[in-house]
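Letter by letter, the chains look like this.
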Amino acid sequence: SLCFPQKLWKMLESSKFQSIWWSEGGKCVAINKDLFEAEVLGREGQQVFHTQKIKSFMRQLNAYGFSKVQRNFQRSASLPEFLAEEAAASAHSQILYYYNPSFNRAHPWLLETCKRR
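What you see is a predicted model, and the numbers here were worked out from it, not measured in a lab. (Residues numbered from 1 in each chain as written. Predicted model: local features only at pLDDT ≥ 70, side-chain atom pairs only at ≥ 80, totals over all residues. Heavy atoms only, no water.)

**Here's the deal with the packing of aromatic side chains**
The condition that has to hold: Note on ring pairs: Phe, Tyr and Trp rings are taken, using the six-membered ring of Trp, and paired if centres are within 6.5 Å. Classes follow the plane angle, with under 30 degrees stacked, over 60 edge-to-face and the rest tilted. Counting from the N terminus, the helices are the DSSP runs of H or I reaching at least four residues and the strands are the DSSP runs of E reaching at least two. Categorising residues by exposure relies on relative accessible area from a 1.4 Å probe, with only protein chains included: less than 20% of the type maximum marks a residue as buried, more than 50% marks it as exposed, and the intermediate range marks it as partly exposed.
As enumerated under the stated definition, the model contains nine aromatic pairs in all. Centroid distance phenylalanine 4 to tyrosine 64: 5.4 Å. Interplanar angle 20°. Geometry classified as stacked. Highlighted residues: phenylalanine 4 in helix α1 (residues 4–13) and tyrosine 64 in the loop between α3 (54–63) and β3 (67–68), separated in sequence by 60 residues. The exposure class of phenylalanine 4 is buried, given its relative accessible area of 5%. When the centroid spacing of 4.6 Å and the interplanar angle of 45° are considered together, the rings of phenylalanine 36 and phenylalanine 57 count as tilted. Linking phenylalanine 36 in helix α2 (residues 33–41) with phenylalanine 57 in helix α3, this pair joins segments that are 21 residues apart in sequence. For the pair phenylalanine 36 and phenylalanine 57, one class covers both residues: buried. A network of ring pairs unites the aromatic residues Phe4, Phe36, Phe49, Phe57 and Tyr64 as a single cluster.

**Things to note about the nonpolar core**
Within soluble globular proteins, side chains that are nonpolar generally end up buried alongside one another. Rule in force here: Each nonpolar core is a collection of buried residues, namely Ala, Val, Leu, Ile, Met, Phe, Trp, Tyr and Cys, held together in the definition by side-chain atoms within 4.5 Å. By definition, residues are in contact when any of their heavy atoms lie within 4.5 Å.
Ranked by size, the top nonpolar core spans 26 residues in total, and within it Leu8, Phe36 and Phe103 carry the most contacts. Going through the elements one at a time, α1, β1 (20–23), β2 (28–32), α2, α3 and β4 (95–99) are the ones with two or more residues in this core. Counting residues per element, this core draws most heavily on α1, which supplies five residues. Once residues within four sequence positions are removed from consideration, phenylalanine 36 is found in contact with Met11, Ser19, Ile20, Ile31, Leu41, Phe49, Ile54 and Phe57.

**Description of the environment of tryptophan 22**
Note the cut-off: Think of a polar contact as two N or O atoms within 3.5 Å of one another; within protein, one of them needs to be a possible hydrogen donor and the other a possible acceptor, and neighboring residues in sequence only count if both atoms come from side chains.
Inspection of the secondary structure puts tryptophan 22 in strand β1. Classification of tryptophan 22 by relative accessible area gives buried; the value is 10%. On a C-alpha basis, the gap between tryptophan 22 and tryptophan 9 in space is 9.5 Å, while along the polypeptide they are 13 residues apart. The residues contacting tryptophan 22, other than those within four sequence positions of it, are Trp9, Leu12, Glu13, Cys28, Phe103, Asn104 and Arg105. A distance of 2.8 Å separates the side chain of tryptophan 22 from the side chain of glutamate 13, its partner in a polar contact.

**Re the side chain of glutamate 39**
As for its position among the elements, glutamate 39 is in helix α2. Here the side chain of glutamate 39 touches serine 19 through a polar contact of 2.5 Å, side chain to side chain. The contacts of glutamate 39, once residues within four sequence positions are left out, are Lys16, Phe17, Gln18 and Ser19.

Here it is in structure tokens:
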């Protein structure tokens, strides 16, 4: 059976999942939290990871050296623009970004250096 980073890689390369994808040109993993919980963690009988809880999945990411990337948005001064940006940022807050220097789409050979801490 595949280890956690290999399962994650396979999932990112698959077209079966809409809740998880490569971002930042293949340097980060982007996860739509709510959709991921339903689509991946909520699968009956065919679990990809041995958990149904997003917190446990995030602990696995941390255990393998992934760190959460904070997204900083520049805010506009005008009220209508600010409100529009707030709405976009709120939708965006459902998206989690994780980075690991050994987990890069352009360098698949680094995957074997991605070990549990």
